[in-house]
Amino acid sequence: MKRTKIKDLLNSTDFGGEVTVKGWVKTFRNNQFIAINDGSSINNIQAVVDFTSTDESLLKRVTTGAAISITGQLVESLGKGQRVEIKVKDLSIIGDSDAEKFPLQPKKHSLEFLREIAHLRFRTNTFNAVFKIRHALAFAVHKFFNDKGFLYLHTPIITASDAEGAGEMFRVSTIDPNNIPRNDDGSVNYKEDFFGKATNLTVSGQLEGELAAMAFSDIYTFGPTFRAENSNTTRHLAEFWMIEPEMAFYELQDNMDLAEELLKYLVKYAIDNCSDELEFLNSRLLEEEKQKPQNERSEFDLLAKLKFCLDNDFERITYTEAIEILKASKPNQKKQFKYLVEEWGTDLQSEHERFLVEKHFKKPVILTDYPAAIKSFYMRLNEDGKTVRAMDILFPGIGEIIGGSQREERLDHLEARMKNLHIPIEDMSWYLDTRRYGSVPHSGFGLGFERLVLFVTGMTNIRDVIPFPRTPKNADF
RNA sequence: UCCUAAGUAGCUCAGCUGGUUAGAGCAUCUGACUGUUAAUCAGAGGGUCCCUGGUUCGAGCCCAGGCUUGGGAGCCA
C-alpha cells in the first residue's frame with residue numbers, strides 16, 4: 001500500500017479509510033500508543049495498537065528510534081491531545097533500534113549533548129524545526145533574487161587570491177607534508193603543487209561577483225565560505241554559508257534599501273511558511289525564560305521579535321553620529337563600558353553595538369560611512385577623504401548580520417589604496433580590469449546565512465543552526 | 001588567542017572541613033496495570049569521579065600541567 005506522509009494525515013478528515021505510514025518511533029506509551037514521526041511535520045501521529053491481539057515479541061521491538069511501518073484505519077482520536085490517530089491493523093519493524101544504546105530518550109536533552117551526537121539530533125523536535133526553517137530561508141533567498149531578476153552566480157571555492165583581508169585562510173594543497181618541495185632559498189615551491197601556485201579555500205565570492213555584475217548588472221552568490229580564524233564564539237564558524245549580492249549602478253542608499261528589503265522578506269517568508277516550527281521554538285524559548293531570574297528575561301518572545309523587525313524601519317545612522325550618541329550615553333559617562341568611547345576613528349566594540357541596537361534604538365541599526373582606516377580596500381572613498389561608503393547591519397542578539405559597501409569604481413583611487421595596504425596590484429589585474437573597461441558605480445553586501453537562521457529561530461549558538469558545524473578543534477561527522 | 005566557569009551512571013545533576021561500600025531523578029531492563037500524552041506502580045542492573053603527575057596514613061574533593069565543553073572578549077558574516 002502506498003505510504004502517506006504524516007503531515008497530510010494530520011490535516012486529513014478522511015476518516016475510516018485505510019492508510020500506511022512509515023517513520024520513526026518517538027515514544028511508545030502504555031503498550032498501546034505509538035507516537036510516530038517521519039519528518040514531514042514537527043508533530044507526530046499516534047497509532048493505537050491492540051496489544052491483546054499483537055505478538056508480544058513484536059511489541060518489544062517498538063522502541064524509541066526504531067523505524068516502523070503501520071497500516072490501519074484513520075480515525076478521530078478517542079483520547080484528548082490529538083485530533084486524529086491510526087487504529088493499527090498491521091505493524092512491522094523496518095529497522096530495529098536497541099533501546100539500551102540509542103542515545104535519544106523521550107525527554108529533554110541539553111543542546112550541548114545533542115551537539116555531540118549531531119548525526120542523530122535531526123530526530124529531535126528542536127532540530128526538526130531549526131533545519132526546516134533553515135531550508136525555508138535558503139529557498140526564500142533564491143526566490144527573492146530570482147523574482148528580482150538577479151543571476152545566481154557560482155563563484156569558486158578554491159581561489160588563489162589572497163588579497164581579501166577577510167581573515168585567515170585554509171590552505172588547499174596536494175603537497176605531501178612529509179616531503180615538501182623547496183626552492184633554493186628554502187621556501188615552499190608551489191610550482192610543484194596541484195595548481196602550480198598557492199591556493200586557499202575562499203573567504204568571499206565578492207571579487208568574482210563584481211566581475212559578473214559588470215555584465216549581468218545584478219547577481220548574487222550563495223555558497224560555503226571558510227575562515228581559519230581561531231574564533232570561539234556563539235556566532236562564528238570556520239565553514240559557513242554566505243549570500244553576496246552585487247549590483248551595478250547601485251549606490252550606498254540603494255544597497256541599504258535592498259538589504260533591508262531582503263531581510264524583511266526572509267523573516268516574513270519564515271512567518272508565513274514555518275508557523276508550526278516557529279510556534280514550537282517560541283514555546284521552547286518561553287520555557288527556558290521561565291528558568292531565568294525575572295530581570296534577565298527578554299521583553300519580547302520570538303514571534304513578537306520577528307514581527308517587530310518587519311513593522312519597523314531599520315535605523316540608519318553614520319559612524320560619526322554613532323560615536324556622538326555613544327560619547328553622550330550613560331554607560332560611557334558613568335564609565336560602565338569596558339572600552340570608553342573617546343575619539344573618532346576607533347572601531348566600535350560589540351558592547352557599543354549592543355548598546356545602540358538593544359538599548360538606544362531598540363531595533364535593527366544600519367551603520368554607515370566608517371573611517372577608511374578600519375575598512376577594506378575596495379570600499380568607495382567619500383568626498384571628505386576620510387570615510388568610506390560602508391554599511392553594517394546590526395541585529396539584536398546577533399550583532400553584525402550584514403556587512404557591505406559601495407565599491408570604489410575609480411581606478412586611480414583604488415590603486416592608490418591598494419598600494420597603501422601593500423596589496424600586490426599585478427596579481428589583481430583581473431579584478432582591476434572591471435575599473436579599466438566600462439567601470440560603473442556598484443555596490444554589494446554579504447549576509448551571514450547562519451546568523452540569519454539564528455535570528456529567525458531564536459537559537460543562541462551558531463553551532464545549532466548548521467547541520468555539521470566546523471569550529472576550532474571540531475570537524476566531526 | 002585571552003578572561004572565566006565547568007567535566008561524577010546513557011542523560012540532567014547532588015556529593016559537607018580530605019575519611020568506611022560514591023547518591024538522586026529521568027532513561028534502560030523485569031514484572032504489574034491498560035485511553036496514554038515526559039503514563040503510572042514495584043523491583044533490578046548500571047561508575048576509567050576528563051587525563052597525567054604530585055601532596056597525604058588516606059583524594060571525587062587539595063596542588064601542577066594538559067585535554068574538552070559552556071559563557072564572555074578579540075577578529076568578523
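Residues numbered from 1 in each chain as written. Chains lettered and ligands numbered in written order. Predicted model: local features only at pLDDT ≥ 70, side-chain atom pairs only at ≥ 80, totals over all residues. Heavy atoms only, no water.

(A) Expanded view of the packing of helix α4 (residues 125-147) against helix α14 (residues 449-457). In contact at an axis separation of 10 Å, α4 and α14 are set at 125 degrees when each is read in the N-to-C sense. In terms of orientation, α4 and α14 fall into the oblique class. Considering the relative orientation of α4 and α14, their crossing is right-handed. Mapping the contact onto sequence places Val130, Ile133, Arg134, Leu137 and Ala138 in α4 and Phe449, Glu450, Leu452, Val453, Val456 and Thr457 in α14. (Axes fitted to C-alpha atoms, helices over the stretch in contact; angles between N-to-C directions. Helix = DSSP H or I, 4+ residues; strand = E, 2+ residues; numbered from the N terminus. Parallel < 35°, antiparallel > 145°, perpendicular 65-115°, else oblique. Left-handed = near helix turned anticlockwise from the far one by under 90°. Contact = heavy atoms within 4.5 Å.)

(B) Spotlight on the side chain of Thr126. On the secondary structure map, Thr126 appears in helix α4. Note on Thr126: relative accessible area 11%, which makes it buried. One polar contact links Thr126 to Arg284, side chain to side chain, over a distance of 3.3 Å. Those residues in contact with Thr126, other than ones at most four positions away along the chain, are Phe280, Leu281, Arg284 and Met459. (Buried < 20%, exposed > 50% of the residue type's maximum accessible area, 1.4 Å probe, protein only. Polar contact = N/O pair within 3.5 Å; in protein donor to acceptor, adjacent residues only side chain to side chain.)

(C) Expanded view of the packing of aromatic side chains. Applying the stated rule across the entire model yields 22 aromatic pairs. Geometrically, the ring pair formed by Phe194 and Phe195 is edge-to-face, given 4.8 Å between the ring centres and 75 degrees between the ring planes. Classification of Phe195 by relative accessible area gives partly exposed; the value is 43%. Residues Phe468 and Phe477 carry aromatic rings whose centres are separated by 6.1 Å and whose planes lie at 45 degrees to one another, so their mutual orientation is tilted. The exposure class of Phe468 is partly exposed, given its relative accessible area of 32%. (Phe/Tyr/Trp six-rings, centres within 6.5 Å; stacked < 30°, edge-to-face > 60°.)

(D) The arrangement of helix α7 (residues 275-291) in detail. When the terminal C-alpha atoms of α7 are compared, their 25 Å separation across 17 residues agrees well with the 24 Å that a helix rising 1.5 Å per residue should span. Of the positions making up α7, those classed as buried are Glu277, Leu278, Leu281, Asn282, Arg284, Leu285 and Glu289. The arc that holds the buried residues of α7, viewed along the axis, is 165 degrees, so those residues lie on one side. (Expected span 1.5 Å × (residues − 1). Arc of directions from axis to C-beta.)

(E) Up close: the protein's contact with RNA strand B. Around RNA strand B there are 49 residues in total, and Lys80, Thr233, His236, Arg354 and Arg451 lie nearest to it. Within 4 Å of the protein, the atoms of RNA strand B are drawn from sugar and phosphate moieties in a proportion of 48%. For RNA strand B, a base oxygen lies 2.9 Å from a polar atom in the side chain of Arg29. Of all the elements in the fold, those that place two or more residues in the surface near RNA strand B are α3 (111-116), β11 (239-248), α11 (350-360), β15 (399-406) and β16 (442-448). Residues that form the surface near RNA strand B fall into these classes: 11 nonpolar, 22 polar and 16 charged. (Near = heavy atom within 4 Å. Nonpolar A, V, L, I, M, F, W, Y, C, P; charged D, E, K, R; others polar.)

On their own, these measurements won't tell you what the molecule is for.
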